[in-house]
Amino acid sequence: MKVLALFSNPPDQTPLRLDKEDKILVRLAREFASTVSLVRQHASEIEDIHSLLINGDYDVLHFSGHGDADGLCLDQGDSERSETVSAARVLSLINLSKKQPLVSAFLSCYSADNLPILADSAPFVITSRGAVSDQDCLIFVEGFYEHLFRQNSVNASFEHALTLMRARGCGEQCFTLSRRHLVRRKDSVYVESRPSSTHDPVIINLDAVRDSLGRFGLSEEEMCHLLARKVVIHHWIFDTARDDAVLPIGRLLFGVFSWTNARDVIYCTKLMKLRADAPALAWQVWSRLMSTYNDLAACRYRSAQRPSDPSSSYMLEEAVALFQHHVLKYMEPARHTLVQLNQEELLPHLQMAITQVETASDQLALGRFREVVLSLELALTNYHTVADGLQPPEDVSPAAT
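Rules and cut-offs
Residues numbered from 1 in each chain as written. Predicted model: local features only at pLDDT ≥ 70, side-chain atom pairs only at ≥ 80, totals over all residues. Heavy atoms only, no water. Phe/Tyr/Trp six-rings, centres within 6.5 Å; stacked < 30°, edge-to-face > 60°. Helix = DSSP H or I, 4+ residues; strand = E, 2+ residues; numbered from the N terminus. Buried < 20%, exposed > 50% of the residue type's maximum accessible area, 1.4 Å probe, protein only. Axes fitted to C-alpha atoms, helices over the stretch in contact; angles between N-to-C directions. Parallel < 35°, antiparallel > 145°, perpendicular 65-115°, else oblique. Left-handed = near helix turned anticlockwise from the far one by under 90°. Contact = heavy atoms within 4.5 Å. Nonpolar A, V, L, I, M, F, W, Y, C, P; charged D, E, K, R; others polar. Salt bridge = Lys/Arg side-chain N within 4 Å of Asp/Glu carboxyl O.

**Student:** I'd like a rundown of the packing of aromatic side chains, residues and numbers included.
**Tutor:** Per the counting criterion, the structure on display carries 11 aromatic pairs. With centroids separated by 5.0 Å and ring planes inclined at 65°, the aromatic side chains of Phe-254 and Trp-286 adopt a geometry described as edge-to-face. Of this pair, Phe-254 sits in strand β14 (residues 253-259) while Trp-286 is found in helix α8 (residues 280-297), placing the two residues 32 residues apart along the sequence. Residue Phe-254 shares its accessibility class with Trp-286, and that shared class is buried. Grouped by ring-pair contacts, the aromatic residues Phe-32, Phe-140, Phe-144, Tyr-145, Phe-149, Phe-158 and Phe-175 constitute a single cluster.

**Student:** Which residues make up the environment of Ser-291, and what values do they have?
**Tutor:** Mapped onto the elements of the fold, Ser-291 is located in helix α8. On the accessibility criterion, Ser-291 (39% relative accessible area) is partly exposed. Here the alpha-carbon distance between Ser-291 and Ala-387, two residues 96 residues apart in the chain, equals 9.3 Å.

**Student:** How would you sum up the packing of helix α10 (residues 347-365) against helix α11 (residues 369-389)? Please name residues and give values.
**Tutor:** Helix packing for two helices is described by the angle between their axes and how far apart those axes are. Relative orientation of the contacting elements α10 and α11 amounts to 165°, with a least axis distance of 8 Å. Relative to α11, α10 is oriented roughly antiparallel. At the point where α10 passes α11, the crossing takes the left-handed sense. Residues His-349, Leu-350, Met-352, Ala-353, Gln-356, Val-357, Thr-359, Ala-360, Gln-363 and Leu-364 of α10 lie in contact with α11, whose contacting residues are Phe-369, Glu-371, Val-372, Ser-375, Leu-376, Leu-378, Ala-379, Asn-382, Tyr-383, Thr-385 and Val-386. Here the contact of α10 with α11 is composed, by residue class, of 13 nonpolar, seven polar and one charged.

**Student:** Please provide a residue-by-residue account of the pattern of salt bridges, values included.
**Tutor:** Under the definition given, this model contains 12 salt bridges. Glu-31 is paired through a salt bridge with Arg-150; the nearest N and O atoms lie 3.7 Å apart. One end of the pair, Glu-31, is in helix α1 (residues 18-31); the other, Arg-150, is in the loop between α5 (134-148) and α6 (154-167), and 119 residues separate them in sequence. By relative accessible area, Glu-31 is classed as partly exposed at 46%. Assessed through its relative accessible area of 44%, Arg-150 is described here as partly exposed. With its nearest N and O atoms 3.5 Å apart, the salt bridge here joins Glu-83 to Arg-89. Relative accessible area serves as the criterion here: at 18%, Glu-83 is assigned to the buried category.

All we've got here are geometric facts, nothing functional implied.
Structure representation (C-alpha cells):
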C-alpha cells in the first residue's frame, strides 16, 4: 500500500500540530514497512502536488491542513500568504495521477462541503464536517491508519477510528466516509454492488475489462448490471483473499476476479464467453467442480490469522468435514468422467486432492493442526488444477471478443 501524505500550514493561518500527525504516520509506516510505503510532503504547494501525482501512483491520498467551503488552503512559494485551491482544481490534479487512489482523505475544516466534487477523486472519500480540532484529527489518523495498515477494509478501519474517538471522548461526528455507486474517469471504472441491506457493499474495479464491456451482445450498462448482480449472489466466497476466481455472470459468460479484501475492491481481470459446442459432460463436470472449488476456497480457516493455532481447531474440523463431503460427492465421481473425456493427465491431481483430504483428517485426529492446514491447501491446489484443466474453450469469434 502506497500512501501520499500532504501537509500544509501556511504562515498566515492558525498553527496546527501537523508534526504530531506526521509522527503518527511515520511510526505506523515503519511498523508495517513490509506492506506500506509512505511518501510525505510538508508545506505543500500546488506545484508539489502536481509533481507528486503525475510521477507516482498511490493507493491512499491524505491531506491535512486548513480549508474552508471554497477548497483547500495551501502554501504559496515564499509568500507569507496562503492560496485557496478549489475542489475542482484538486480533482483535476488527482486525475493526472497514474492511477486513481482507493482512498482520498481530506482532513481539513469544511472539506465535506466540497464532497459533491471530491467524491469523484476515489471510490472511498473521507471528509470533515465543519471545523475539526487537532486532537480529533490525531486520534482519527491513529485509529484509521493503524487498522488499515493491518490490511483491514476501509469501512472497518473508518469505524474503528470512530470507535476510538468515542472511547476518548472526541466528536466522531466530524468525519464522514463516502462511497460512490459508480465512479468513472479516463482510466478507471468502478461499479458498486450491494448484496443486501445486512451486508457491506462491494466495489468492482473494471479497468482491466472496460474495453470488453460491450463486446458480448450486451450494452455496457447491461454488462455492469450483470456483474454487480452476479457478484453479490456469490458474496459468501469473498471472506478469503483470492486470485483468478472464476464466477458465472450470464449465459456462457464468465468473469475472472481477484481481491485481497473484498470489502474494499474486487478486481474483474477478465471477461470471457465460453464455446457452447463443448461436450455436455465436460460442461457439467467443470461447472460443478468450479462451484465446489469456490466453496472450499472460502473455508473460514483460510481467513484466520493463525489457522494452525489450537484456538482455530473448530474451523479446521469444519473444513475437513466439508472437504470429505466434496470427496464423496464430487471428486470420486469425477474420476470416471476424466477418463471418458480423455483427460487422464488430470487423474494424478484428482488422486492427490483425495489423498491430502484423507491425510488432513488423520492429522486432525492427532491434533497436528499445522499439518492439517498444509494438507488442505495441497488438496485445494490440486483440486483447482483439475477444475482449471476441464474448463471449456473460449469463444474467440469476433462477436465474443
